[in-house]
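# Observations on chain architecture
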Amino acid sequence: MTTLTLTPGATNLADLEMIWRDGLAVRLDPACHDGIRAAQAQIADAANGTDAVYGVNTGFGKLASVKIDPSDTATLQRNLILSHCCGVGEAIPEPHARLMMALKLLSLGRGASGVRMELVELLEGMLAQGVTPVIPVQGSVGASGDLAPLAHMAAAMIGHGEATFEGKVLPGAEALRRAGLTPIVLGAKEGLALINGTQFTTAYALIGLFGAWRAMCSALVTSAMSTDAIMGSTAPLQPEIHSLRGHAGQIEAAATMRALLDGSVIRESHREGDTRVQDPYCIRCQPQVTGAAMDMLRMAARTLEIEANAATDNPLVLSEAGLIVSGGNFHAEPVGFAADMIALAIAEIGAIAQRRIALIVDPVLSHDLPPFLTPNPGLNSGYMIAEVTTAALMSENKHLANPCVTDSTPTSANQEDHVSMAAHGAVRLSRMVANLERILGVELLCAAQGVEFRAPLETSAPLASVIAAVREQVETLGDDRYLAPDLEKAAALIASNAIVAATNTHMPELHP
């Protein structure tokens, strides 16, 4: 297994995406070890001192006023983990859990958490050996950290709970033993350091971001192909139009679509004598809509890259100042806002794509394509109900895009009286991305079919390559057939980035 060395405070989104997609192991840059040790020494002194320090020698939450004897330190931390293992629902996918663990390592690596190096090394060892805690998806309200999900992660580290190893779900202690690892006995503040933080929510938000960006790039391809399929105008892609407005995403979206459509014989065939003055908005305003979504995704990316590198537990050790300070970095409000932004972008990319599908299958608007893209309409329904399915998915994404971060509720006897609900906002993104991939998959099939109906006129070279890639998976639709497998194959082409790769065209990059 390849091991990636991460620098706390300076890890980029590309590395985090590789950890998630490629299952990389992770180790922290040794340069951060001295800072980790210095903070731990300060915590050890506090644990043996007489001053009350939250979570070190006190209870937690509303019980922070209860002083704990130094001899009970290990029991306090163990009880914290076990009592907080209240997650419910299905287990999160292993790649998601591994990204969450890597994010926790980055947070600990900032040298403000006060944990021992042994704890850091255990997390690194679990990632290297493929021991992945079983973590239920539900239970976090996104403040005081992702308490329940992170507690399930920590439970496996102390030999409780469950973990997967070599494809089997095992008791935590057994999974560690088979991997040659030893459960850790938590020291002062270490349990709190593990469960205070936003790593569950941030992992899910990042995964939503990565999927949304891929889908957005695919949408540029499918939208260009739809434009050619309905013999739409490329005049709205004129660069001066977009530079006059000035939004970076819009400018890039238009430039990408121009490159994708360059050389299309279909486009050249109707430059003169076309009686249509303007195309509908779903064709004409694609750069404005997709470009705005691109800008929003990049704003969210900047927030998430900062959060991925942040120290988000509580209290934090300020080694240079010699202080241990209670604060609120565990509150996931920034991640909640980012997740809501990503959700809006996903919903809008899908909404305008669905209108393009509706346009292509409508003979009144598609510039002489056959109804529902079938060569024998009436006897055959073609893509009629595939379009209806995309309407259902679009509507579902609209509902899911409602903001989560505004839905606070008090918890923990009103000690934690404003929470971010960021976990809800982040978790829904995976479902929304899957819906969007299916919408774009249907557009891909419809646009390819529409372009083929324009023969002998040919589309551009990049789009012809996309159609060739599609036809390796899905045959042209003649007479009606069982369509569900076709839709899944097309969605898989979107999810895998295959159609973007087929264009051999430079695509916008996610620059946080």
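Structure: see above.
Since we're looking at a predicted model, the values are computed, not measured. (Residues numbered from 1 in each chain as written. Predicted model: local features only at pLDDT ≥ 70, side-chain atom pairs only at ≥ 80, totals over all residues. Heavy atoms only, no water.)

Looking now at the overall build of the chain. In terms of helices and strands, the chain carries 20 helices and nine strands. Since a compact globule built from 512 residues should have a radius of gyration of about 24 Å, the 26 Å found for the chain is in line with a globular shape. In terms of overall dimensions, the chain has C-alpha extents of about 90 × 50 × 40 Å along its principal axes. For the chain, buried positions account for 56% of its 512 residues. Counting every atom, the chain has about 20100 Å² of accessible surface; 55% of that belongs to carbon and sulfur. One way to put it: in the chain the 33 positive side-chain charges average out to a point 1 Å from where the 53 negative ones average out. (Helix = DSSP H or I, 4+ residues; strand = E, 2+ residues; numbered from the N terminus. Rg over C-alpha atoms; globule rule 2.2 N^0.38 Å. Buried < 20%, exposed > 50% of the residue type's maximum accessible area, 1.4 Å probe, protein only. Areas by Shrake-Rupley, 256 points an atom, 1.4 Å probe, with all protein chains shown as cover. Lys, Arg positive; Asp, Glu negative; His and termini not counted. Charge placed at Lys NZ, Arg CZ, Asp CG, Glu CD.)

Burial along strand β1 (residues 3-6) is one-sided: Leu4 and Leu6 are buried, and none of Thr3 and Thr5, which face the opposite way, are. As paired strands, β1 and strand β2 (residues 25-28) are joined by four bridges and run parallel to one another. The residue of β2 that forms the bridge with threonine 5 is arginine 27. Taken together, β1, helix α1 (residues 13-22) and β2 form a β-α-β motif whose crossover is right-handed. (Pairing = 2+ DSSP bridges. Right-handed = clockwise from strand over helix to strand, strands pointing away.)

This part takes up the side chain of arginine 428. Position of arginine 428 relative to the elements: it lies in helix α17 (residues 422-453). The residues touching arginine 428, leaving out its near neighbours within four places in the chain, are Ala339, Asp340, Ala343, Leu400, Ala401, Asn402 and Cys404. (Contact = heavy atoms within 4.5 Å.)

Relative to the elements of secondary structure, valine 289 occurs in helix α14 (residues 286-308). On the basis of relative accessibility, which here comes to 23%, the residue valine 289 falls in the partly exposed class. Remark: the alpha-carbon pair of valine 289 and threonine 459, spanning 170 residues in sequence, is separated by 24 Å. Not counting chain neighbours up to four residues away, the residues in contact with valine 289 comprise Glu348 and Ile352.

Now for the sheet that holds strand β6 (residues 162-165). Taken together, three strands build an open sheet; the order of strands is β4-β6-β7 and the sheet is antiparallel. Each having just a single partner strand, β4 (132-133) and β7 (168-171) make up the two edges of the open sheet. Taken together, the four bridges between β6 and β7 define a ladder with antiparallel strand orientation. Considered in β7, the bridge of phenylalanine 165 is made with lysine 168.

A word on helix α2 (residues 33-47). With 15 residues, α2 ought to run about 21 Å at 1.5 Å a step, and its terminal C-alpha atoms sit 21 Å apart, in line with that. All buried positions along α2 are accounted for by His33, Ile36, Ala39, Gln42, Ile43, Ala46 and Ala47. The elements touched by buried residues of α2 are β2, α4 (94-108), α5 (117-129), β8 (316-318) and β9 (323-325). (Expected span 1.5 Å × (residues − 1).)

Another point: unusual backbone geometry. With omega at -5°, the peptide bond leading from asparagine 314 into proline 315 counts as cis. Following the sequence through the fold, proline 315 ends up in the loop between α14 and β8. Residue proline 456 is reached from alanine 455 by a cis peptide bond, and omega for that bond is 10°. Relative to the elements of secondary structure, proline 456 occurs in the loop between α17 and α18 (461-471). A positive phi angle is found at leucine 373, which is not glycine, with a value near 60°. By the secondary structure assignment, leucine 373 is in the loop between α15 (333-361) and α16 (384-400). Even without being glycine, asparagine 497 reaches a positive phi, approximately 70°. Following the sequence through the fold, asparagine 497 ends up in the loop between α19 (484-495) and α20 (498-503).

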